[in-house]
Amino acid sequence: MTPDTPLTPAEDDEVLAAELALGLLDGAVAEAAVARLSQDPGFARAVRGWQERLAGLAEGLTPVMAPARARQAIRERLGHARPPLANDPTARPAWWRGPAGWLAGLLAVAATVALLWQPGQPGPEAPMAPGAPVYQAQLSGADAVLQAAARIEGRDVRIALESGAAPEGRDWEVWWIGSEDATPVSMGVMPRDGEMRMTLPEGMEPSPLVRLALSDEPAGGSPTGQATGPVVAIAGLTAL
Amino acid sequence: MTDARRSHLESLISRVALGDRAAFDALYDATSAKLHAVCLSVLKDRPEAEETLQEVYIRIWQGAARYAANGLSPMTWLITIARNRSIDRLRARSARPPTAPEDAAAQVASGDPTPESATIAAQERRMLDECLAQLAAPQAGAVRAVYLEGFSYADLAEREGLPINTVRSWLRRSLLRLKDCVTQ
């Protein structure tokens, strides 16, 4: 095959499948290719083949943990969790007017707040083993003004900034460095107040080899998910 | 991806299809950092990537029942949803006419024997990096930019300073060479 020979019909079909999988087709050509999927099993198989082989490119990307609020938002949008302080549309209107209603209301608020503050709590599928290993790390900046503390119990991670917030227009981004030569994984942006809490995904195992780092990034975190700014604090995990 | 991880994800997806919220949480724990990275790679904007990630998991919840029939490996199905939703949003941003990256292939039932296609897919993935390295650097870079950053032919033409038809022609030939290499 030289650049000048036209593609054979079989080659042309194969490339069309690749272009459809990649989203490179436009207009009528795209529509025709989509219509062909349901009529031509061979073509549909070729498209799936391209989806499989190209997905290998994405497998190579450095994982970036999403903020805990993303999971909460998904739960709310699917109706799996109520937004904080939302009215319960199924409650009968007169029911909450009595003292029992006030108490239940308080409990509901407490439950919602607890849910909101612990979005990373392990579900029934991942019960916290009693005596799960506990690690901590104390991250300090070069000038010791910046102080952050991390605590990991089992797969539950909590990190809080104690002092030294990022300057205006910047944020500290938290990174998990699995070993000496591992690519850092973003754990998200350090909140200015309160703590961030999350559940470690598969493949991120706490151990004394793991280090946590803070990098200086534009507000909201590195736009690409890869560290852009200098590391301002780093510390290894210590077993407790 | 190991066979154990693959079957773990498959079992989670099949439980999600039955409305199992605990399985959905576990699937989110196991895959959201990777899918978030896909959204960020295409969109290069944290708030948009986070919003897209939410849409991706809503689609996963709603579409899990159709997963078993499509013959894709679990990570491919998840990555494809994340990539396609991100590209939809990218194209909407530039007000370019929507060029549908297709979920449609994932909706079509496959008659393929899954274990066999999974083995083939795993082999091809192992070859992918090596085969990309055998392409000329601009061509390999173009394949990555299209897949990971949602580049269109027009974007590639602009970047390379070449007419769209020229870029299309060499990318099409590069894709064929890539396939010949990974399926050897």
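Source: prediction; values computed, not measured.

Visitor: Any chance you could break down the UniProt feature "domain: RNA polymerase sigma factor 70 region 4 type" (unreviewed entry) in chain B for me, citing the residues and the numbers?
Guide: UniProt's feature table lists "domain: RNA polymerase sigma factor 70 region 4 type" (unreviewed entry) at residues 126-178 of chain B, given in the numbering used throughout. End-to-end, the C-alpha atoms of residues 126-178 of chain B are 13 Å apart, and along that stretch the chain is 85% helix and 0% strand.

Visitor: Residue-level account of the state of the cysteines, with values.
Guide: All names here are of chain B. One pass over the structure, following the stated rule, counts one disulfide over all chains. With its sulfur 2.0 Å from that of its partner, Cys-131 forms a disulfide with Cys-181. Its torsion about the S-S bond being -75°, the disulfide of Cys-131 and Cys-181 is classed as left-handed. Here Cys-131, found in helix α6 (residues 114-134), pairs with Cys-181, found in helix α9 (residues 164-182); they are 50 residues apart in sequence, far enough to count as distant. Among the residues examined, Cys-131 registers a relative accessible area of 2% and is labelled buried. Residue classification places Cys-181 among the buried residues on the basis of a relative accessible area of 8%.

Visitor: Describe the interface of chain B and chain A, with residues and values.
Guide: Chain B puts 73 residues into the contact, and the matching count from chain A is 68 residues. Of the roughly 6,200 Å² buried between chain B and chain A on both sides combined, carbon and sulfur atoms contribute 60%. Where chain B meets chain A, there are nine salt bridges. One salt bridge in this structure joins A:Glu19 and B:Arg172, with 2.7 Å as the shortest N-O distance. For the pair chain B and chain A, the number of links is 20 residue pairs in polar contact (both at pLDDT 80 or more). Looking at the side of chain B that touches chain A, the elements with two or more residues in it are α1 (3-17), α2 (21-43), α3 (46-67), α4 (74-93), α5 (104-107), α6, α7 (137-149) and α9 of chain B. If one sorts the elements of the side of chain B that touches chain A by residue count, α2(B) sits on top with 15 residues. Taken together, the residues of the side of chain B that touches chain A sort by class into 35 nonpolar, 14 polar and 24 charged.

Definitions and limits used
- Residues numbered from 1 in each chain as written.
- Chains lettered and ligands numbered in written order.
- Predicted model: local features only at pLDDT ≥ 70, side-chain atom pairs only at ≥ 80, totals over all residues.
- Heavy atoms only, no water.
- UniProt positions renumbered as here; feature names shortened; annotations may be inferred.
- Helix = DSSP H or I, 4+ residues; strand = E, 2+ residues; numbered from the N terminus.
- Disulfide = S-S within 2.5 Å.
- Buried < 20%, exposed > 50% of the residue type's maximum accessible area, 1.4 Å probe, protein only.
- Contact = heavy atoms within 4.5 Å.
- Buried area = accessible area lost by both parts, 1.4 Å probe.
- Salt bridge = Lys/Arg side-chain N within 4 Å of Asp/Glu carboxyl O.
- Polar contact = N/O pair within 3.5 Å; in protein donor to acceptor, adjacent residues only side chain to side chain.
- Nonpolar A, V, L, I, M, F, W, Y, C, P; charged D, E, K, R; others polar.

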